[in-house]
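The primary structure of each chain is shown beneath.
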Amino acid sequence: LNQALTLSTAEPAVGDAVTLRGLVKRPALNGSAGEVLSVGEAGGRCLVRLSDGSRLLAQPANLALRVEAKVDRSESAAQFEASAAALDTLTPHQQQALAELQAGAGAE
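Every value quoted in this text rests on a predicted model; they were computed, and no experiment measured them. (Residues numbered from 1 in each chain as written. Predicted model: local features only at pLDDT ≥ 70, side-chain atom pairs only at ≥ 80, totals over all residues. Heavy atoms only, no water.)

(A) A look at the nonpolar core. Membership of the largest hydrophobic core is limited to 11 residues, which are Val18, Leu20, Leu23, Leu29, Val36, Cys46, Val48, Leu50, Leu56, Ala58 and Leu63. Mapped by element, the contributors of at least two residues to this core are β2 (17-20), β4 (46-50) and β5 (55-58). Tallying contributions element by element places β4 first for this core, with 3 residues. Look past the residues within four positions of Ala58 in its chain and what remains in contact with it is Leu20, Arg45, Cys46 and Leu63. (Core = buried A, V, L, I, M, F, W, Y, C linked by side-chain atoms within 4.5 Å. Buried < 20%, exposed > 50% of the residue type's maximum accessible area, 1.4 Å probe, protein only. Helix = DSSP H or I, 4+ residues; strand = E, 2+ residues; numbered from the N terminus. Contact = heavy atoms within 4.5 Å.)

(B) Layout of the pairing of strand β3 (residues 33-38). Across 3 bridges, β2 lies against β3 in antiparallel orientation. Within the sheet, the bridge partner assigned to Ala17 lies in β3 and is Glu35. Sheet analysis places β3 next to β4, joined by 4 bridges and oriented antiparallel. Along β4, the bridge assignment pairs Gly34 with Leu50. (Pairing = 2+ DSSP bridges.)

Honestly, it's all geometry; don't read function into it.
The structure is reproduced here in structure tokens:
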């Protein structure tokens, strides 16, 4: 089961995977995936590299943190531990979002 969780309240950090939302001047970009390259640019904006390679300055309010996870309820305890070890490569925001995603998947 592949799922994605979007956190709209987290402040973006360098390296975070994000989804653009609420853009008024360029609404066609809403829903686009990107990666935060820097924060604190002019006017408090974040520099984001979109999946097509283009770059955009966006307000943090227009960025939703995105985490994708594969949840497999049939995996063994050892496989789960190996998957959990991969969390060390995620940013703190992504770790939080993934933990929330996994908790929600267990509630089904």
